[in-house]
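A structural walkthrough
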Amino acid sequence: MAHRTIQRADSPAGNRSELAGDAIRRIMQIASTIRQDQETDITRLGLTPAVARALYELDPDRPLPARELAEQLRCDRSNVTALVDRLEQAGLVERRIDPADRRQKALVVTTAGRLVRVRVHQAMSESRLLAGLSDEEISALRLLVTKISEYGCPEAGAAE
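A brief report on the enclosed structure follows.

Quick word on the environment of Val93
Tracing the backbone shows Val93 in strand β2 (residues 93-98). Sequence separation of Val93 and Thr111 is 18 residues, and the distance between their C-alpha atoms is 8.8 Å. Discounting chain neighbours no more than four positions away, the residues touching Val93 are Leu55, Leu58, Leu87, Glu88, Leu107, Val108, Val109 and Thr110.

Focus: the packing of helix α2 (residues 49-57) against helix α4 (residues 77-89)
For the pair α2 and α4, the least separation of the axes is 9 Å and the interaxial angle reads 85°. Classed by the angle they form, the pair α2 and α4 counts as roughly perpendicular. From α2, Ala50, Val51, Ala54 and Leu55 reach across to α4, where they touch Leu83, Arg86 and Leu87. Class assignment for the residues of the contact of α2 with α4 results in six nonpolar, no polar and one charged.

A short note on the pattern of salt bridges
Summed over the entire model, instances satisfying the criterion amount to ten salt bridges. A salt bridge links Asp22 to Arg26; the shortest N-O distance between them is 2.9 Å. With Asp22 and Arg26 both in helix α1 (residues 16-44) and four residues apart, this pair spans about one turn of that helix. The class for Asp22 is partly exposed, based on a relative accessible area of 32%. Between Arg114 and Asp61 there is a salt bridge, with its nearest N and O atoms 3.2 Å apart. Linking Arg114 in helix α5 (residues 111-125) with Asp61 in the loop between α2 and β1 (64-65), this pair joins segments that are 53 residues apart in sequence.

As for α1
With 29 residues, α1 should reach 42 Å at 1.5 Å per residue; the first-to-last C-alpha distance of 42 Å fits that figure. Along α1, the residues that are buried comprise Gly21, Thr33, Gln38 and Ile42. Along its buried surface, α1 packs onto α2 and α5. With a side-chain oxygen lying 2.9 Å from the backbone nitrogen of Ser17, the N-terminal cap of α1 falls on Asn15. After α1 finishes, the residue Gly46 shows a positive phi value of roughly 85°.

Calculation notes
One numbering rule holds for all chains: residues counted from 1, following each sequence as written. It should be noted that, the model being predicted, local features are given only for residues of pLDDT at least 70 and side-chain atom pairs only at 80 or more, the latter also being counted only at that level, while totals for whole chains, interfaces and linings use all residues. Excluded from the side-chain calculations are hydrogens and water; all other atoms, namely the structure's heavy atoms, are used. We count a stretch as a helix when DSSP gives it H or I for four or more residues in a row; a strand needs E for two or more, and each element gets its number in order from the N terminus. Contacts are assigned to residue pairs with any non-hydrogen atoms lying within 4.5 Å of each other. For helices, the axis comes from a line fit to the C-alpha atoms of the stretch in contact; other axes are also lines fit to C-alpha atoms, and the angle between any two N-to-C directions lies between 0 and 180 degrees. Angular relationships are summarised with four words: roughly parallel below 35 degrees, roughly antiparallel beyond 145, roughly perpendicular across 65 to 115, and oblique for the angles in between. Note on residue categories: nonpolar means Ala, Val, Leu, Ile, Met, Phe, Trp, Tyr, Cys or Pro, charged means Asp, Glu, Lys or Arg, and polar means any other residue, Gly included. Just to be clear on terms, a salt bridge is a Lys or Arg side-chain nitrogen sitting within 4 Å of an Asp or Glu carboxyl oxygen. Only protein chains enter the area calculation, which uses a 1.4 Å probe; residues under 20% of their type maximum are buried, those over 50% are exposed, and those in between are partly exposed. Helix span is expected to be 1.5 Å times the residue number reduced by one. Two N or O atoms count as a polar contact when they lie within 3.5 Å, although within protein this holds only if one can serve as hydrogen donor and the other as acceptor, and sequence-adjacent residues are included solely when both atoms are side-chain atoms.

In structure tokens form, the structure reads like this:
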């Protein structure tokens with residue numbers, strides 16, 4: 001009867017390139033599954049991923065000019081206008097005169113928007129893939145992912 005021997009990652013006989021390649025493929029598969037699950041949950045809320053992300057970025061306790069939302073989303077202001085139109089049509093956001101600068105309007109999250117935003121946050125923060133992990137394992141995973149992101153994606157580390 002044949003059985004596979006699993007080499008430890010720290011084994012001197014382990015091929016770093018093969019281990020790294022396998023890890024990267026698994027990370028990509030996990031990311032794809034998480035994204036699909038998030039999109040399914042967000043669609044159930046009646047939102048598109050882009051509209052959900054815009055709502056997610058808004059602080060319900062601080063009105064925000066659309067140009068600042070565009071900066072946070074790293075997109076053109078004309079794209080944000082369309083996203084805000086959809087949020088406003090859904091009753092999740094209102095455009096109001098900015099008291100600090102009456103020449104511009106600020107985006108205010110409505111009561112309904114606050115409730116939906118909580119559900120968007122849950123969809124973007126929870127994953128069935130992590131259900132089998134203990135709190136300690138999730139903490140260790142977060143530490144490793146943070147280490148990788150800070151090394152290879154400095155802008156991701158700065159956003160935390």
